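# Descriptive analysis of the structure
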Amino acid sequence: MTMYSIGVDIGGTKIAAGLVSAQGEIVAQTRRPTPSDDPTKLEALVAEAVLEVAGEHEISGVGVAAAGFVDAAGEKVIFAPNLAWRNHPLAERVRALVPFAVHVDNDANAAGWAEYQFGAARAANDMLMLTVGTGLGGAMVTNGNLVRGAYGFAAEVGHLRVVPHGHRCGCGMDGCWEQYVSGNALVRDARQLLSEGGELAAGLLDVSGGDADRVNGPMITTLAKAGDPGCVALLQELGRWLGEGAASVVNLLDSDVVVIGGGVSDAGALLLEPAQEAFTKCLTARAYRTPARVVLAEMGNDAGMVGAADLARLAAQGH
Ligand SMILES: [Zn+2]
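Now for a look at the structure at hand. (Residues numbered from 1 in each chain as written. Predicted model: local features only at pLDDT ≥ 70, side-chain atom pairs only at ≥ 80, totals over all residues. Heavy atoms only, no water.)

### Examining unusual backbone geometry
Short version of the rule: Counting from the N terminus, the helices are DSSP H or I runs at least four residues long and the strands are E runs at least two residues long. Residue burial is assigned from relative accessible area. The probe radius is 1.4 Å, only protein chains are included, and a residue is buried under 20% of its type maximum, exposed over 50%, and partly exposed in between.
Phi is positive for Asn 87, which is not a glycine, with a value near 50°. Among the secondary structure elements, Asn 87 is positioned in strand S7 (residues 86–88). On the accessibility criterion, Asn 87 (49% relative accessible area) is partly exposed. Notably, Asp 254 is not glycine yet its phi reads approximately 55°, a positive angle. Relative to the elements of secondary structure, Asp 254 occurs in the loop between helix H7 (229–253) and strand S12 (257–261). Judged by relative accessible area, which is 51%, Asp 254 ranks as exposed.

### A short note on the packing of aromatic side chains
Here is the rule we go by: Pairing of aromatic rings covers Phe, Tyr and Trp, the last through its six-membered ring, and needs centres within 6.5 Å; plane angles under 30 degrees mean stacked, over 60 mean edge-to-face, and all others mean tilted.
On inspection of all chains with the given rule, the structure shows four aromatic pairs. When the centroid spacing of 4.5 Å and the interplanar angle of 40° are considered together, the rings of Tyr 180 and Trp 241 count as tilted. With Tyr 180 in the loop between strand S11 (145–146) and helix H4 (183–196) and Trp 241 in helix H7, this residue pair connects regions lying 61 residues apart in the sequence. Neither residue differs from the other here; Tyr 180 and Trp 241 are each classed as buried. Joined through ring pairs, the aromatic side chains of Phe 69, Phe 79 and Phe 153 make up one cluster.

### A short note on the packing of helix H6 (residues 217–225) against H7
For clarity, the threshold we go by: Angles here are taken between N-to-C directions and fall from 0 to 180 degrees, while the axes themselves are lines fitted to C-alpha atoms, restricted in helices to the stretch in contact. Each angle gets one of four labels, with under 35 degrees taken as roughly parallel, over 145 as roughly antiparallel, 65 to 115 as roughly perpendicular, and the rest as oblique. We call a crossing left-handed when the near helix sits turned anticlockwise from the far one by less than a right angle, and right-handed when that turn is clockwise. Any two residues whose heavy atoms approach within 4.5 Å are treated as being in contact.
H7 packs onto H6 with a crossing angle of 110° between their chain directions and a minimal axis gap of 7 Å. With respect to each other, H6 and H7 are oriented roughly perpendicular. Classified by chirality, the crossing of H7 by H6 is left-handed. Within the contact between the two elements, H6 uses Ile 220, Leu 223 and Ala 224 and H7 uses Cys 231, Val 232, Leu 234 and Leu 235.

### Some points on the coordination of the zinc ion
Operational definition: Each metal site is built from N, O and S donor atoms within 2.8 Å (3.2 Å for Na, K and Ca), and since water is not included, such sites may look incomplete. For four-coordinate sites, all angles between 85 and 135 degrees define a tetrahedron; for four- and six-coordinate sites, opposite donors beyond 155 degrees with the remaining angles between 65 and 115 define square planar and octahedral shapes respectively, and all other cases count as irregular.
At 2.0 to 2.3 Å from the zinc ion lie its protein donor atoms, namely His 159 (ND1), Cys 169 (SG), Cys 171 (SG) and Cys 176 (SG). Coordination at the zinc ion comes from four donor atoms whose angles at the metal span 107 to 117°, giving a geometry best classed as tetrahedral. The sequence motif formed by the donor residues of the zinc ion is H-x9-C-x1-C-x4-C. Residue class for Cys 169 comes out buried when judged on its relative accessible area of 6%.

Okay, structure coming up:
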């Protein structure tokens, strides 16, 4: 009988659960809406989704990916910015509702692991993944191992301080990388461009009707793809910050591949090309080394689910 594992990705709006093979293929999947204010209801929905995709299959374990700080043991969500979890024993709670082993992981770690095992970094040994979504998340694999750190807080690359006294960050510091490379940063800069007016703001003005509140990430990407010079410039600037910062991190890790994922990476080459250019320019000893490849993620929205499932499969083998 084929053995499967189950991955559950708890997002801000939906819970996605999938039955996943050892080769990373999703065999069955289901969804539930995320109840944002009721942890007990959320756990019941996670269990319901897990049991639905499990069916009569043999299950090696369940991996749950959550947006938040997860302890190194994969048991507790220490803190989740968007959900009501503080030192929350999520693994134990779900374990009480399903007849399987349950592990919790940070969602960016899970997505990064999926890219490493099955996606854009599958041929690599040392990977840096940068997830450019609302914020900037990261995952690191060194010598084949996912780096979680002593307490599970590793790879928070979004809060590397890149600009002393720069833009204020939600974490309480200022000048964090995430304030220059994220969907939030992109929208902030687009609104600024709109308020300044001028030729480069013409496309945004046209589509938003001059209402800054209507400007969002997909709007900017769509305009840029249609050749709007203002939005192309915004993505170029973001790509430059992305590449320069990635070079700093690769100076530390010596990764062989940098994977760019998250919603903003839908911009494709408009983001990737300026990132690659800045990355190559800023890498130390660039004339004497093989520079890391900077590539787009391949696993899409399923990455968190597939990665969480694979991490649960490996945990069952004692990894
Ligand atoms: Zn910060």
